[in-house]
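One-letter residues, chain by chain:
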Amino acid sequence: MGKWDYSIFWQEALNQLKTELTEQEFAMWFNMEYENSQESTVIVSVPSAFYRDQVIQRYQNLIESVFYELSGQKITVEFEVKARNKDLVSSELKENQESRKTTKSELFLKKGAEAVKRTEHAQLRKDYVFDNFVIGENNSFAANAAIAIAKNPGLAYNPCLIYGGVGLGKTHLMQAIGNLAWKERGNKIIYITAENFTNEFVNAIRTQTTQKFKNKYRTADVLLIDDIHFLQKKNETQEELFHTFNALYDANKQIIFTCDRPVSELKNLSERLRSRFERGLNVDLLPPSYETRCAILAKKMEQRGVNIPKEVIDLIAKNISSNVRDLESSLTKLIAYFELTKKPVTLEVAQQQLRDSFGSPRQNNVTVDIIQKVVAEYFSLSYSDLRGKKRTKAISFPRQIAMYIAREITEYSTTELGIEFGGRDHSTVMHGCQKIEERLKAEPSLETTIQKLNQLIKDYNS
Ligand code: ADP
Ligand code: MG
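About the cut-offs
Each chain carries its own residue numbering, running from 1 in the written order of its sequence. Each chain takes a letter, starting from A, and each ligand takes a number, starting from 1, following the order in which they are written. In view of the model being predicted, local features appear only for residues whose pLDDT reaches at least 70, and side-chain atom pairs are presented and counted only at 80 or more, with totals across whole chains, interfaces and linings using the full set of residues. Only hydrogens and water are set aside; all other atoms, that is, all heavy atoms of the structure, feed into the side-chain values. Ring pairs shown here join Phe, Tyr and Trp side chains whose ring centres sit within 6.5 Å, with only the six-membered ring taken for Trp; geometry is labelled stacked below 30 degrees between planes, edge-to-face above 60, and tilted in between. Helix and strand labels come from DSSP, where a helix needs a run of H or I of at least four residues and a strand needs a run of E of at least two; each type is numbered from the N terminus. Exposure is judged per residue with a 1.4 Å probe applied to protein chains only, and the accessible area is read against the type maximum: over 50% gives exposed, under 20% gives buried, and values in between give partly exposed. A ring has a charge above it when a Lys NZ or an Arg CZ is no more than 6 Å from the ring centre and no more than 35 degrees off the ring normal. In these notes, a set of buried Ala, Val, Leu, Ile, Met, Phe, Trp, Tyr and Cys residues joined through side-chain atoms within 4.5 Å is what counts as a nonpolar core. Whether two strands pair comes down to DSSP finding at least two bridges between them. Between the N-to-C directions of two axes lies an angle of 0 to 180 degrees, each axis being a line fitted to C-alpha atoms and, for a helix, fitted only over the stretch in contact. Contacts between residues were defined by any pair of non-hydrogen atoms, one from each residue, lying within 4.5 Å. Each angle gets one of four labels, with under 35 degrees taken as roughly parallel, over 145 as roughly antiparallel, 65 to 115 as roughly perpendicular, and the rest as oblique. Should the near helix be turned anticlockwise from the far one by less than a right angle, the crossing is left-handed, and should it be turned clockwise, the crossing is right-handed. Lys, Arg, Asp and Glu make up the charged group, whereas Ala, Val, Leu, Ile, Met, Phe, Trp, Tyr, Cys and Pro make up the nonpolar group; the residues left over, Gly among them, are polar. Here, proximity means that at least one heavy atom of the residue falls within 4 Å of the molecule or strand. For this analysis, a polar contact is any N or O atom pair within 3.5 Å, provided that within protein one partner can donate a hydrogen and the other can accept it, and provided that sequence-adjacent residues contribute only side-chain to side-chain pairs. The Shrake-Rupley method, run with a 1.4 Å probe, gives the accessible areas here. Residue values count only the displayed protein chains as cover. Residue ranges for the domains originate in an automatic or database domain assignment. On a range of 0 to 100, pLDDT expresses the predictor's confidence in each residue.

J.: Please explain the packing of aromatic side chains as it appears in this structure.
T.: Enumeration over the complete set of coordinates arrives at 14 aromatic pairs. Between the aromatic rings of Phe257 and Phe277, the centroid separation amounts to 4.6 Å while the plane-to-plane angle is 70°, which identifies the pairing as edge-to-face. Of this pair, Phe257 sits in strand E7 (residues 254-259) while Phe277 sits in helix H11 (residues 271-278); the two residues are 20 residues apart in sequence, bridging distant segments of the chain. Note on accessibility: Phe257 and Phe277 belong to one class, buried. Over the aromatic face of Phe242 sits the side chain of Arg272, whose NZ or CZ is 3.9 Å from the ring centroid. The aromatic ring of Phe338 is capped on one face by Lys342, whose charged end is 5.9 Å from the ring centroid.

Here you go:
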């Protein structure tokens, strides 16, 4: 036994290959045993020379590409013919593992070991299960359909399309179906993003392995394709997916897609593929209500075994309304803060730590228009005056506030903002923002006003 040991890594590669090949194929050709490793080489034994020649021809490239995917390193596989006495081989293997010395490859092994622990199914996230998915009014129809599908793949609703905005749980729900069907029924589940599906297909054309590509996808029991909006303009991939779809559909195999918008709004998609997507069940995910947001945060705390004061949860739930991913990352930020400083996460700490996330324009579709309306109303001005040319003090101060907020929470440039505020020059906008910044230093109460306005702007959207 030398200093390299990729045995756990080999095991992980096998796990992955198992999901990619048919059961029959896997059982037939992966009757291989790990033997030993050298630098960048894994040596496995096979029962005969015939077998060796076959697997070299059929699977060597595939195995090596999985190695590459798993490790990011070029690792080759070598086959050795060995008549077997199973017991001996496995006890030898155990011994080898026990007497392993700590070497550079240990690090690598640990990575492998973690991967084995972390993944049940090579492509599905273990934590994307129904138990971790909070059901609220916004998603109950989609979630219940998903559960029904997982229990009866191919029968209940086929195909199924889940659509909705970024970070609303499409991938989570889709993978939850995969995880359940995989665990309870042992189905062959393939999860892939539309982007990777496209890449793989292009690669298959390049390497003249389209048959293998077809076999892989057309033998799934459940095919999960995430983010199909990516397929817009990818004509050849659309064509291929159309045929994959038909093969699976005719065989009563379950197909699930996600998309960031209703299919009717996709452009550059072939009509026949569009009609396939629309067949079956289309369900949407909406942004969660305040109560659901609190429940999701509670769930995430439970999952991570942390406890954060109720008022902090409330603060997050109030400020982040349209994206569960952002909700979650706020929590992560606070947990990180706690772990680094060991100081309790108070309301003040949370406010300070999360200021940027609350201001981020990504989580709500704040337009300058909305800001202007809210600020005008707050200061009892007319919207047109706030946008207009008048320069009385009663108007210019609120206008500067609106500019400042717009600068903070949208991605408009000062030039664009100038146009929005009565066709002014960008330097006027910059000047306005500076004025507010100066005043903020002198009178802290202005900060409260601005926070209030930010809140009103957020509420305007929900
Ligand atoms: P999408 O694919 O729609 O962009 P994801 O499925 O990646 O969104 O979800 C983003 C994050 O939010 C994930 O970590 C997911 O676990 C979490 N999430 C979304 N919806 C819920 C929910 N209803 N309950 C619990 N977690 C959720
Ligand atoms: Mg997703």
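Now that the structure has been shown, we can carry on.
J.: Where do I start with the nonpolar core in this structure?
T.: Grouped together as the largest cluster of nonpolar side chains are 27 residues, with contacts concentrated most on Ile225, Ile228, Leu241, Phe257 and Phe277. At the level of elements, strand E4 (160-164), strand E5 (189-193), helix H8 (194-206), helix H9 (210-218), strand E6 (222-226), helix H10 (235-250), E7 and H11 are the ones that each hand at least two residues to this core.

J.: Help me understand the sheet that holds E4 in this model?
T.: Two orientations exist for strands paired in a sheet by backbone hydrogen bonds: parallel and antiparallel. Overall, parallel pairing links the five strands, which are arranged E5-E6-E7-E4-E8 in an open sheet. If you trace the sheet from one side to the other, it starts and ends with E5 and strand E8 (281-285), each paired once. Within this sheet the neighbouring strands show an average axis-to-axis angle of 15°, counted without direction. Looking at chain direction, E6 and E7 are connected through four bridges and run parallel. Looking across to E7, one finds that Leu224 is bridged to Ile256.

J.: Can you walk me through the side chain of Asn179 in this structure?
T.: Considering the arrangement of structural elements, one finds Asn179 in helix H7 (residues 170-185). Judged by relative accessible area, Asn179 falls into the buried class, the value being 7%. Setting aside residues up to four positions removed in sequence, Asn179 forms contacts with Leu124, Arg125, Lys126, Tyr128 and Val129.

J.: How should I be thinking about the sheet that holds strand E3 (residues 76-81) in this particular structure?
T.: If you trace the three strands from one edge of the open sheet to the other, you get E1-E2-E3, paired in mixed fashion. Whereas interior strands pair on both sides, the edge strands pair on one side only; in this sheet they are strand E1 (33-38) and E3. Across the sheet, the mean angle separating the axes of adjacent strands is 30° when strand polarity is ignored. Sheet topology places strand E2 (residues 41-46) next to E3; six bridges connect them, and they run parallel. Looking at E3, one finds that Ile43 is bridged to Glu78.

J.: What am I meant to see in the packing of helix H6 (residues 140-151) against H7 here?
T.: Helix packing for two helices is described by the angle between their axes and how far apart those axes are. H7 packs onto H6 with a crossing angle of 25° between their chain directions and a minimal axis gap of 8 Å. Taken together, H6 and H7 sit at an angle that is classed as roughly parallel. Our pair here, H6 against H7, has a crossing hand that is right-handed. Contacts from Ala142, Ala143, Ala146, Ile149, Ala150 and Lys151 of H6 reach H7 at Leu173, Ile177, Leu180, Ala181 and Arg185.

J.: What is the right way to look at the packing of H9 against H10 in this model?
T.: Across the interface, H9 lies against H10 with an axial gap of 10 Å and an inter-helix angle of 45°. With respect to H10, the element H9 is oriented oblique. Between H9 and H10 lies a crossing of right-handed hand. Residues Phe213, Lys214, Tyr217 and Arg218 of H9 lie in contact with H10, whose contacting residues are Glu240, His243, Thr244, Ala247 and Leu248. Within the contact of H9 with H10, the residues separate by chemical class into four nonpolar, two polar and three charged.

J.: Got a minute to help me understand the site of ligand 1 in this structure?
T.: Every one of the 18 residues lining ligand 1 counts as a neighbour, but Gly167, Thr171, His172, Arg325 and Glu328 are closest to it. The contact in question runs from a nitrogen atom of ligand 1 to an N or O atom on the side chain of Asn139, over 3.3 Å. In the environment of ligand 1, an oxygen atom lies 2.7 Å from a nitrogen or oxygen atom belonging to the backbone of Gly167. Calculation on ligand 1 without its partners gives an accessible area of 560 Å², and the protein chains cover 94% of this total. Partitioning the shell around ligand 1 into residue classes produces seven nonpolar, seven polar and four charged. Here the shell around ligand 1 spans two domains, since at least three of its residues come from each of domain 2 (130-285) and domain 3 (290-342).

J.: Would you mind showing me how to read the confidence of the model for the protein here?
T.: Interpretation of the predicted coordinates at a detailed level should be avoided for regions scoring low in pLDDT. When the pLDDT values of the protein are averaged, the result is 85; 89% of them are 70 or greater. Within the protein, helix H4 (residues 86-98) has the poorest average pLDDT of any element, 34, and E6 the best, 98. Contacts from residues 85-119, a stretch scored under 50 in pLDDT, to residues over four places away or in other chains number 32 contacts.

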